[in-house]
Amino acid sequence: MIGFIFIIFSALSHSLWNMLLKKSENKYAFNFYMHLINITFFTLLYPLIFSDYLYFNGGVVLSAFIAALFFTGYHLSVSTSYRYADVSLVYPITTSSPFFILIWAVIFLKEDLTAVGVAGVILTILGTIVLNRIKGGGVKLGRGVLFALLAAFLYSFGALMDKKGVSQGNFILYVYSMSVFMTFFLFLYSRRSGELKISKVRKDVKWVVLAGIVVFASFTSYRYGLTMIELSYATALRQVNVLFGAFFGMVLFAEKMTINKALGTLIIMAGVVLIRVGM
């Protein structure tokens, strides 16, 4: 039950930082400074709250490095997708990674799939298609959608490394190392693209600080929950962030909840429930 609660909390915080990112004027710069605040906050808390985890493990750090590569690609893809499409359209797609994770779990983790779980995957895919239908037409695979799908794909590999990393003992070192590597990779990208100037986020300073703290909450709560729950369970359960994302999209950005968006979201959530029941 404790793991269940932490995964749900991570879903809420995950959707919240996505909304703050969408709200920002310069999304690449915001993404970097958000992670910089996260690692700064984490560094201050590490010796105070997580003193029992102040020991080194090379395998954990290596897993964190590989995971950071995938998650950095995920964050950059999410940032790009929000430039081209609404949150309530893009966000559910970026969180469709359980489809990929189920496949990787069977191949790499040797997890078994049930008929109910497979039905849930099919519903999740169907919900994604419905979300992308436009009035009087078929599926619109625009740039926002394509980058959102790329984000989900990259996230699925990062999720595999997550499970490996937290299973090696020192899960706080894993989360901290991953945060350091992600911040460094985002720094390299932002510096090369000219997005590093503090002036690019000056108007959003308070939101950057809040987002950084929310990212810390999201990262740590999810990985802590993952130490108690199987990967396939955790990733499926975390999909309640689809509901949070749609809600924040309407409240913060006055986005319209069309019939297709509402129906697609409901189908995805039905799929998530079946995946959860079937595991």
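Refer to the structure above for everything that follows.
Predicted model, so just to flag it, every value in this text is computed and none were measured.

S.K.: Explanation requested: the overall build of the protein in the structure shown.
M.R.: Secondary structure assignment for the protein yields twelve helices and zero strands. What you see in the protein, going N to C, is helices and strands ordered as α-α-α-α-α-α-α-α-α-α-α-α. The C-alpha radius of gyration computed for the protein amounts to 18 Å, which stays within 12% of the reference 19 Å derived for 279 residues, consistent with globular compactness. Seen through its C-alpha atoms, the protein measures out along the principal axes to roughly 55 × 45 × 30 Å. Counting only residues that meet the buried cut, the protein has 54% of its 279 residues in that class. In the protein, the share of contacts with a sequence separation of at least 24, taken over all contacts with a separation of at least 6, comes to 88%. Accessible area of the protein: about 12,400 Å², with a carbon and sulfur share of 70%. Of the charged side chains in the protein, 23 are positive and 10 negative, and the gap between their average positions amounts to 10 Å.

S.K.: So what exactly am I meant to see when it comes to the packing of helix H7 (residues 143-166) against helix H8 (residues 171-193) here?
M.R.: How two helices pack is summed up by the angle between their axes together with the distance between the axes. Running from amino to carboxyl end, H7 crosses H8 at an angle of 140 degrees, the nearest separation of the two axes being 8 Å. Residues Gly 158, Met 161, Asp 162, Gly 165 and Val 166 of H7 touch H8, and the partners they reach there are Phe 171, Tyr 174 and Met 178. Taken together, the residues of the contact of H7 with H8 sort by class into five nonpolar, two polar and one charged.

S.K.: So what exactly am I meant to see when it comes to the nonpolar core here?
M.R.: A general feature of soluble globular proteins is that nonpolar side chains tend to end up buried together. Formed by 65 residues in total, the largest nonpolar core has its most connected members in Phe 30, Phe 42, Tyr 174 and Met 178. Not counting chain neighbours up to four residues away, the residues in contact with Tyr 174 comprise Val 60, Ser 63, Ala 64, Ala 67, Gly 158, Met 161, Asp 162, Gly 165, Val 166 and Arg 223. Residues Val 240, Ile 268, Met 269 and Val 272 belong to the second largest nonpolar core, which totals six residues.

S.K.: So what exactly am I meant to see when it comes to a nonpolar patch on the surface here?
M.R.: Taken together, the side chains of Ile 103, Val 106, Ile 107, Phe 108 and Leu 109 define a hydrophobic patch exposed on the protein surface, amounting to about 400 Å² of accessible area. On the basis of relative accessibility, which here comes to 33%, the residue Val 106 falls in the partly exposed class.

S.K.: Looking at this structure, I do not really get the pattern of salt bridges. What am I missing?
M.R.: When the charged atoms of two side chains lie near each other, side chains of opposite charge can form a pair. Scanning the entire structure with this criterion turns up two salt bridges. With its nearest N and O atoms 3.9 Å apart, the salt bridge here joins Glu 25 to Lys 203. With a gap of 178 residues between them, Glu 25 in the loop between helix H1 (2-23) and helix H2 (27-49) and Lys 203 in the loop between H8 and helix H9 (205-226) connect regions that are remote in the sequence. A salt bridge links Asp 162 to Arg 223, with the shortest nitrogen-to-oxygen separation between them at 2.8 Å. Of the two residues, Asp 162 is situated in helix H7 and Arg 223 in helix H9; the sequence distance between them amounts to 61 residues.

S.K.: What's the story with the side chain of Ser 10 in this structure? I'm lost.
M.R.: Among the secondary structure elements, Ser 10 is positioned in helix H1. Relative accessible area serves as the criterion here: at 0%, Ser 10 is assigned to the buried category. A distance of 2.6 Å separates a polar atom in the side chain of Ser 10 from the backbone oxygen of Ile 7. Residues contacting Ser 10, with those up to four places away along its chain left out, are Ser 218, Ser 221, Tyr 222 and Arg 238.

S.K.: Which parts of the structure should I look at to understand the packing of H2 against H9?
M.R.: Contact geometry for H2 and H9: axes closest at 7 Å, N-to-C directions at 60 degrees. One finds that H2 runs oblique with respect to H9. Here H2 and H9 pass one another in a crossing that is right-handed. Contacts from Phe 30, Tyr 33, Met 34, His 35, Ile 37, Asn 38, Phe 41, Phe 42 and Leu 45 in H2 reach Trp 207, Val 208, Val 209, Ala 211, Gly 212, Ile 213, Val 215, Phe 216, Phe 219 and Thr 220 in H9. Residue classes in the contact of H2 with H9 are distributed as 15 nonpolar, four polar and no charged.

S.K.: Can you walk me through the packing of aromatic side chains in this structure?
M.R.: Ring pairs (aromatic) are described by centroid distance and by the angle formed between their planes. This structure, assessed with the given rule, holds 24 aromatic pairs. Summarising the aromatic geometry, the rings of Phe 41 and Phe 216 are spaced 5.2 Å apart at their centres and angled 90 degrees between planes, so their arrangement reads as edge-to-face. Of this pair, Phe 41 sits in helix H2 while Phe 216 sits in helix H9, placing them 175 residues apart in sequence. Residue classification places Phe 41 among the partly exposed residues on the basis of a relative accessible area of 28%. Looking at Phe 216, the relative accessible area reads 10%, which means it is buried. Note on Phe 171 and Tyr 224: the rings are 5.5 Å apart at their centroids and 35 degrees apart in plane angle, and the pair reads as tilted. Of this pair, Phe 171 sits in helix H8 while Tyr 224 sits in helix H9; the two residues are 53 residues apart in sequence, bridging distant segments of the chain. For Tyr 224, a relative accessible area of 31% translates into the label partly exposed. Here the aromatic cluster, defined as three or more aromatic residues joined through ring pairs, consists of Phe 41, Phe 42, Tyr 46, Phe 50, Tyr 176 and Phe 216. A cation sits over an aromatic face here: Arg 223 above Phe 219, 5.1 Å from the ring centre.

Rules used in this analysis
- Residues numbered from 1 in each chain as written.
- Predicted model: local features only at pLDDT ≥ 70, side-chain atom pairs only at ≥ 80, totals over all residues.
- Heavy atoms only, no water.
- Helix = DSSP H or I, 4+ residues; strand = E, 2+ residues; numbered from the N terminus.
- Rg over C-alpha atoms; globule rule 2.2 N^0.38 Å.
- Buried < 20%, exposed > 50% of the residue type's maximum accessible area, 1.4 Å probe, protein only.
- Contact = heavy atoms within 4.5 Å.
- Areas by Shrake-Rupley, 256 points an atom, 1.4 Å probe, with all protein chains shown as cover.
- Lys, Arg positive; Asp, Glu negative; His and termini not counted.
- Charge placed at Lys NZ, Arg CZ, Asp CG, Glu CD.
- Axes fitted to C-alpha atoms, helices over the stretch in contact; angles between N-to-C directions.
- Nonpolar A, V, L, I, M, F, W, Y, C, P; charged D, E, K, R; others polar.
- Core = buried A, V, L, I, M, F, W, Y, C linked by side-chain atoms within 4.5 Å.
- Patch = residues over 30% accessible without salt bridge, like charges linked within 9 Å, V, L, I, M, F, W, Y side chains within 5 Å.
- Salt bridge = Lys/Arg side-chain N within 4 Å of Asp/Glu carboxyl O.
- Polar contact = N/O pair within 3.5 Å; in protein donor to acceptor, adjacent residues only side chain to side chain.
- Parallel < 35°, antiparallel > 145°, perpendicular 65-115°, else oblique.
- Left-handed = near helix turned anticlockwise from the far one by under 90°.
- Phe/Tyr/Trp six-rings, centres within 6.5 Å; stacked < 30°, edge-to-face > 60°.
- Lys NZ or Arg CZ within 6 Å of the ring centre and 35° of its normal.

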